[in-house]
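The chain contents come next:
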Amino acid sequence: MSMTTSVLALLPELVLLLGAVGCLLLGSWTPRLRQRRVRAVAALTVLVFLAAAVHGLLSDPTTAFSGTFAVDETTGLLRLVVGGALLVLLALAGDEVAGHPRESEVYVLLLLGADGVLVVGGATDLAVLVVGFLLASIPLYGLIGLSAAATAPEAALKTYLVGALSGIVLMLGAGVLFGLAGTTAYADLGAGVRDAPAAAGAAGVVLVVFGLLFKAGAVPAHFWVPDAVQGSWVTSAAFLTTVPKLGAVVAVMRLLEALPRQDVWPLLVAALAALGMTAGNLAALTQGDVRRLLGWSTISQVGYLLAVVAAVPSVERARPAVLLFLAGYAVTNLACFAVLRAEPERVRVDQWRGVARRRPGLVVALGVALLGLVGTPPTAVFVAKVATIAVTWEAGLAWLAVLVAANTVLSLAYYLRWLATCLATTDQDEDEDSTTTRRLPAALAMTCAAGAVALGLVAGPVLALG
Amino acid sequence: MLSVLVLLPLLAAAALLVPAVPDRWARWAFVGVTTLEVVLAAVLWARFEDPGPGALAFEQQVQWIPGLGASYHVGLDGLSLALVLMTTVVFAACAVYALGDEQRPRLQAALFLALETTCLGVFAAADLIVFFLFFDLSIVGMYFSIHGWGHGDRARSALQFFLYTFLGSLALLLGFIGLYVASEPRTFDMVALAADPPLQGSGATGVLVLGAVLLGLAVKTPTVPFHTWLPPAHTDAPAIGSAVLAGVMLKLGTYGFVRIAMPMLPEAWRAWAPVLVAVGVVSVLWGALVALAQSDLKRMVAYTSVNHMGYVVLAVGAAGMLGEGPADDGARATAVTGAATQMVSHGLLTSALFLLAGVLWTRRESYDLAAYGGLAARAPRFAALLVLAALGSLGLPGLSGFVAELQVFAGAVAVVPWSAVALLGILLMTAVLLRAVQQLLTGPVSGLAEGFADVRAREWAPIAVLLVLAVAIGLAPRPLLDLLEPAAAAAAALVSR
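Parameters at a glance
Residues numbered from 1 in each chain as written. Chains lettered and ligands numbered in written order. Predicted model: local features only at pLDDT ≥ 70, side-chain atom pairs only at ≥ 80, totals over all residues. Heavy atoms only, no water. Helix = DSSP H or I, 4+ residues; strand = E, 2+ residues; numbered from the N terminus. Buried < 20%, exposed > 50% of the residue type's maximum accessible area, 1.4 Å probe, protein only. Contact = heavy atoms within 4.5 Å. Areas by Shrake-Rupley, 256 points an atom, 1.4 Å probe, with all protein chains shown as cover. Buried area = accessible area lost by both parts, 1.4 Å probe. Salt bridge = Lys/Arg side-chain N within 4 Å of Asp/Glu carboxyl O. Nonpolar A, V, L, I, M, F, W, Y, C, P; charged D, E, K, R; others polar. Domains from an automatic or database assignment. Polar contact = N/O pair within 3.5 Å; in protein donor to acceptor, adjacent residues only side chain to side chain. Expected span 1.5 Å × (residues − 1). Patch = residues over 30% accessible without salt bridge, like charges linked within 9 Å, V, L, I, M, F, W, Y side chains within 5 Å. Lys, Arg positive; Asp, Glu negative; His and termini not counted. Core = buried A, V, L, I, M, F, W, Y, C linked by side-chain atoms within 4.5 Å. Axes fitted to C-alpha atoms, helices over the stretch in contact; angles between N-to-C directions. Parallel < 35°, antiparallel > 145°, perpendicular 65-115°, else oblique. Left-handed = near helix turned anticlockwise from the far one by under 90°.

1. Remarks on the overall build of chain A
Within chain A one finds 20 helices and 2 strands. The buried share of chain A, taken over its 466 residues, is 62%. A separation of at least 24 residues holds for 79% of the contacts in chain A among residues at least 6 apart in sequence. Of the roughly 15800 Å² that chain A leaves accessible, carbon and sulfur atoms contribute 67%.

2. Focus: the environment of alanine 376 of chain B
All names here are of chain B. With respect to the secondary-structure elements, alanine 376 resides in helix H14 (residues 375-378). Judged by its relative accessible area of 33%, alanine 376 is partly exposed. Separated by 10 residues in sequence, alanine 376 and leucine 386 place their C-alpha atoms 9.9 Å apart. Apart from residues lying up to four places away in sequence, alanine 376 is in contact with Ala383 and Leu441.

3. Side note on the interface of chain B and chain A
Tallying the contact residues gives 30 residues for chain B and 31 residues for chain A. Around 2600 Å² of area is buried between chain B and chain A when both sides are counted, 82% of it from carbon and sulfur atoms. The interface formed by chain B and chain A contains 1 salt bridge. Glutamate 394 of chain A is paired through a salt bridge with arginine 186 of chain B; the nearest N and O atoms lie 2.1 Å apart. At the level of elements, strand S1 (57-65), helix H5 (128-149) and helix H6 (154-182) of chain B are the ones that each hand at least two residues to the side of chain B that touches chain A. A class-by-class count of the residues in the side of chain B that touches chain A yields 23 nonpolar, 3 polar and 4 charged.

4. Some points on the domain arrangement of chain A
All names here are of chain A. Here chain A is described as being made up of domain 1 (1-260) and domain 2 (269-466). Placing the centre of domain 1 and that of domain 2 at their C-alpha centroids yields a distance of 22 Å. Listed by partner, the interface residues are 39 residues for domain 1 and 40 residues for domain 2. Taking both sides of the interface into account, the surface hidden between domain 1 and domain 2 amounts to around 3600 Å²; carbon and sulfur atoms contribute 77%. Counting across the interface, domain 1 meets domain 2 through 6 salt bridges. At the junction of domain 1 and domain 2, the tally comes to 11 residue pairs in polar contact (both at pLDDT 80 or more). Among the secondary structure elements, those contributing two or more residues to the side of domain 1 that touches domain 2 are helix H4 (73-96), helix H9 (198-216), helix H10 (224-231) and helix H11 (234-258). Tallying contributions element by element places H11 first for the side of domain 1 that touches domain 2, with 14 residues.

5. Observations concerning helix H16 (residues 400-415) of chain B
Between the first and last C-alpha of H16 of chain B there are 23 Å, a value that for 16 residues agrees with the 22 Å anticipated at 1.5 Å per step. By the burial criterion, the buried members of H16 of chain B are Ser400, Gly401, Val403, Ala404, Glu405, Gln407, Val408, Phe409, Gly411, Ala412 and Val415 of chain B.

6. So, a nonpolar patch on the surface
All names here are of chain A. Where nonpolar side chains cluster on the molecular surface, the patch consists of Met3, Val7, Leu8, Leu11, Leu14, Leu17, Leu18, Val21, Leu25, Trp29 and Phe65 and spans about 1000 Å² of accessible area. Among the elements of the structure, helix H1 (3-9) and helix H2 (11-28) are those that each provide at least two residues to the nonpolar patch. Per-element tally for the nonpolar patch: the top contributor is H2, with 6 residues. Within the secondary structure, leucine 8 is located in helix H1.

7. Some remarks on the pattern of salt bridges
All chains considered together, the criterion is met by 25 salt bridges over all chains. Between glutamate 103 of chain A and arginine 39 of chain A there is a salt bridge, with the nearest N and O atoms lying 3.7 Å from each other. With glutamate 103 of chain A in helix H5 (residues 103-122) and arginine 39 of chain A in helix H3 (residues 36-58), this residue pair connects regions lying 64 residues apart in the sequence. Its salt-bridge partner being glutamate 485 of chain B, residue arginine 478 of chain B comes within 3.1 Å of it at the nearest N-O pair.

8. Quick look at the environment of glycine 148 of chain B
Residues and elements named next belong to chain B. Within the element layout of this structure, glycine 148 appears in helix H5. Taking the relative accessible area as the measure of exposure, glycine 148 reaches 11% and is therefore buried. On a C-alpha basis, the gap between glycine 148 and proline 238 in space is 9.1 Å, while along the polypeptide they are 90 residues apart. Contacts of glycine 148, omitting those with residues within four sequence positions, involve Gln103, Arg104 and Arg154.

9. Topic: the side chain of lysine 298 of chain B
All names here are of chain B. With respect to the helices and strands, the residue lysine 298 is situated in helix H12 (residues 297-318). Of the buried charged residues, lysine 298 lacks a salt bridge, with aspartate 236 as the closest side chain of opposite charge at 7.7 Å. Here alanine 237 takes part through its backbone oxygen, which lies 2.7 Å from a polar atom of the side chain of lysine 298. Excluding residues that lie within four positions of it along the chain, lysine 298 makes contacts with His151, His234, Thr235, Ala237, Pro238, Ala239, Ser242, Phe354, Ala357 and Tyr367.

10. With respect to helix H7 (residues 152-181) of chain A
An α-helix turns once every 3.6 residues. As a result, residues three or four positions apart point the same way. For H7 of chain A, spanning 30 residues, the distance from its first C-alpha to its last is 42 Å, which sits close to the expected 44 Å at 1.5 Å a residue. A positive phi of about 75 degrees marks glycine 182 of chain A, the residue just after H7 of chain A.

11. Here we look at the nonpolar core
Within the largest apolar cluster, 368 residues are counted, with the highest numbers of intra-cluster contacts made by Leu129 and Trp418 of chain A together with Phe131, Trp269 and Phe382 of chain B. Counting residues per element, this core draws most heavily on helix H14 (residues 318-342) of chain A, at 19 residues. Built from parts of two domains, this core gets at least three residues from each of domain 1 (1-260) and domain 2 (269-466) of chain A. By size, the runner-up hydrophobic cluster in this structure holds 5 residues, among which are Ala9, Leu10, Ala64 and Phe69 of chain A.

12. Concerning the packing of H12 of chain B against H16 of chain B
All names here are of chain B. Two numbers describe how H12 lies on H16: the axes approach to 9 Å, and their chain directions differ by 40 degrees. Judged on the interaxial angle alone, H16 and H12 are oblique. You can see that H12 and H16 cross each other, and the crossing is left-handed. In this structure, H12 contributes His308, Tyr311, Leu314, Ala315 and Ala318 to the contact, and H16 contributes Glu405, Val408, Phe409, Ala412 and Val415.

13. Focus: unusual backbone geometry
Each neighbour pair has its own omega, and for glutamate 184 of chain B with proline 185 of chain B the value is 0 degrees, a cis peptide bond. In this structure, the amide linkage connecting valine 224 of chain B to the following residue, proline 225 of chain B, adopts the cis form with an omega of 5 degrees. Summarising the element assignment, proline 225 of chain B is placed in the loop between helix H8 (204-220) and helix H9 (230-236). For phenylalanine 65 of chain A, which is not glycine, the phi torsion reads 50 degrees and is therefore positive. Mapped onto the secondary structure, phenylalanine 65 of chain A falls in the loop between strand S1 (62-64) and strand S2 (69-71). The backbone of serine 66 of chain A sits at a positive phi, close to 55 degrees, despite the residue not being glycine. One can find serine 66 of chain A in the loop between S1 and S2. Taking relative accessible area as the criterion, serine 66 of chain A reaches 76% and is therefore assigned exposed.

14. Observations regarding the packing of helix H12 (residues 264-285) of chain A against helix H18 (residues 398-423) of chain A
Working note: a packed helix pair is described by the angle between its axes plus the distance between those axes. Residues and elements named next belong to chain A. Relative orientation of the contacting elements H12 and H18 amounts to 20 degrees, with a least axis distance of 9 Å. Regarding the angle of H12 to H18, the classification is roughly parallel. You can see that H12 and H18 cross each other, and the crossing is left-handed. Facing Ala270, Ala271, Ala274, Met277, Thr278, Asn281, Leu282, Ala284 and Leu285 of H12, the residues of H18 in contact are Trp399, Leu400, Leu403, Val404, Asn407, Leu410, Ser411, Ala413, Tyr414 and Arg417. A breakdown of the residues in the contact of H12 with H18 according to their chemical character gives 14 nonpolar, 4 polar and 1 charged.

This is the structure we're talking about:
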C-alpha cells in the first residue's frame, strides 16, 4: 500500500490535526475578546472532518500505514460519534469559556484530544496505541487544569498522576507483549502470545488493558473521574466522560479480538465490567453533588459497555451492539452535562428542588437523559441495553446479563432521586428564582435528549453496521 | 388503521404540549380525541373477523431493529380487541369527568392522551420489544400523573409505585431476553414465539425464564405478595389517574399472562400452574379480608382490585392444570374466558368506583367512610350510581362481574376442586361493599355529608356509561363472549402443547 492511500484513508484525522494547528495559530493573532472566530474555524474543521468521515464510511474498509490502523465500519462510526460530540462540546465551550484568557487553547485541546482518541480507537498495533494514548491524554490534563476554578489544579494533578501511571503501565504491557510475540501488530499478536509462557502473556495483556481502562474511566483506573468532573469546567467534564471512553472501549474490543480466543480474556473483561458497573452505581448512590453523581454514573456506564465487549469474541451481534451503545451513551451523557451547564449554580441535588415548575423544558430534557441512561424505552440506551443483555447471555455469561439488569435497578435509585427532587414542590417559591438559566446549553440539552430518543427509534441501521 | 388508533392520542398529546393552547380547548380536545378513539375502536370491532388461533387481525409489520429480530408489529385477536374497546371507553369517560379539573388541565390532557397510546400499544403489540416499550412508558406516564396531580403523600406514593413496577418490568425484560436467546432463529416476534415455543423440553431453564416473566407480570397485576404498592398509589392518585391505573393498567399484567406467558412457555406454565392457582386463591381471600378492614374508601376499592385480579390469576393458573379428556379442555377454556371477561368487567366497574370516590374528594377532601353518613338523602344520583357499581363489583347476577366470576369458577373448580375455597371471597366481597354502601349512604345525614352537592352532569354521565356497559354485558354477554371465546380457547389449547 502506498503512502498516498494511507494518508487518504486517515484524511479525517489529518483534518482534525491541521484544524487544531490552524486554530492555535489563529488564536495567537486574535484579540482576546474576538476569539469567537477561532471557535467558528474549529467548528468548520469538525464539519469538514465529518464530511471526510462519511466519505470514509462509504468507501471499502481498509488499513493504513502497513496495517497499523484499521479504517473499517467501526472506525467510521467512531469518527461520526466523536465528530457529533465535538460539535456539542464546542457549543458548550462557547457558552462557558468565552472571554477566558485561554479560550482558543480550549478549542485546540478539544480537537487534539479527540484526534488522539480516534487514534486509540483505530489502532491495530501496540506502538500506535501507545502514541494515541499519549496524544489523547496530554490535552486532557490541559483541559482540566486551564480552568480558573480553585479545585481545578487538584483535579488536573490527580488526572495527570493516574494518567501518567497508566501510560507507563500501558507501555510496559506493550513492551512485554512485543518481547513475547516479536511484533507489535495485532495481526500476529495472537500467535505470539499463544506460544509464550502463560504468565508472561497474561501480565502483558492485563497491563495493556489497565492502561486503556484509565482512558475509559473504568474500574480500577477510575479514581480521577469524579474529581475531574467536579473540579473543572462542565465542558471538560463532558469531554472527559464522553470522548475518551469511546476510543478506549473500541480499543479494548480490538485487542480482545486480536488475542487467541481462550476463555480467560473475555472473562477478565467481563469481571472488570461487573466490578465497574457495581462499584460505580454503589458510589453514585451516596453522592450529593450532581457532578460527582454523574461522574460515578459514567463509571458504571462503562461497565455496561465492557460487558458487551466481553461478548464480542464469541457472539457476532455484539460488535454492532457496542457501537450502538457508544453512540447512545455519548448523546445521552452530553445531554446530562448540557443540563448542568444550563443551571451552573445548582451543583447539589437539593438545589434542584422545584426546578420543574420554572424550567419545564429543561427538566424534560434531564428526565429523558436520566431515564435514558437507565435504559427506558424508546431511548437509544434502551435498545443497546436489550442488546447487551441478549449478547452477554448468548456468550454464556448469563450471570453478567443478570448483573446488568440488577445494576439497572440499582442505578434507578440515584437517577430518580435527582429527577424527583426537580419535580418536588418548594416552600419558598419565587425568592430563590434569582438563578439564571443559560439558554444555549438548555437548547443543547433538549437537542441531545431528542437525539437520544431519535437514535433509539432508528437503531436498526446502526445495529446492521459493524 | 390499528396504528392510527394507537398513535393518534400521542400525536394529540404532542399538539397539546404547545403552551399557547388555552385550557378550555385542551379539555375539549381531550374529550374529542378519546371519543374519536372509541369510534375508531368500534369500527375495528365492526370489521373484525376472528383470525383463528395463532393469527392476528389488522396486522401490520414494519422493520425496526432487524439486527435484534425486533420489528414494529401490531395486530389484534378477540381478547386484545375487547381490551382495546374497554380502554378507549375508560379513557373517554375520564376525559369527560376531567372537564371540571382546574389543575393544569392542558398538561393533564396531554399526559393522559400519551398514556392512552401506551395502554393501547401494549394490547396491540405483537412483538415483545414493542410490548415492553409501551409497558414501560405506561409506568413513566402514571408516575407523572400521581406525582403531578395527586394529593396527600403523592411524591412518596408515586416513587414507590415507580420503583416497584419498574423493578417488575426489568424482571419481565430479562424473561423476554431469555425467550429471545432460546429462539431459533432469534426473534422477539410474539406470533413466531407462540407458534414455535422456544424453551420446550428445557426443564429448569424454561421454569426460570417463566419465573422472571411471572414476577414482572405479578407485580403489575398485582397479586399477593407483590400488591403493596397499589393501595398508596391509588389513595394519592387523582380520580382519573386511579380509574386508568385500576381500570386499564392492571390489565397489562393479566393480559401478559394470556398473551405471552401461556402460549410462549406452555411447558413451564404447567409447572408453575399449581403455584399460580394458590397465589390466585390467596389473592382473592387476602384482598377481600384486607378490604374489609379499611376505613378509607379508595384503599378499600384498591384491595377489591387485588381480590378481582386474584380470580384472573386463579383462572389462568387452572388453565395450566391438565387433566384427561375433552371435558377438561372445555373447562380450561371456560376458565380463560372467565379471566378475559373479568378483565373487561373489572375495567368498567372499578373505573366507575374510582370516579365516584373522586366525587367525594372534590367536595370534601376525605375518603373516610366513617366521616360520611346519609349521603343517599343528600345526593340520590350519587347513591344510585354507587350502589350499582358496588353490586356489580360484588358479582350480582345481571351485571358483568357475575358473568366473569361464574365462568372462572365453572372452569377452575372443574379442574382444581379445592379452588372452590375462593368462593368465600365472593361472600367477603359482599360484606365489604355492602358495609361501605351502608356507612356512606344510609342513616341520618351527618358529618361531611351535610350540604353535600349531588353529582353534576359531567360527573354522572361518564360513570353511568361505564355502568350501563357493565349491565349490558351482564344481561347480554354474547357479543363480548363471541370475541373472547375463540381467543381464550386458543390460549388454553396452546398451554397443553
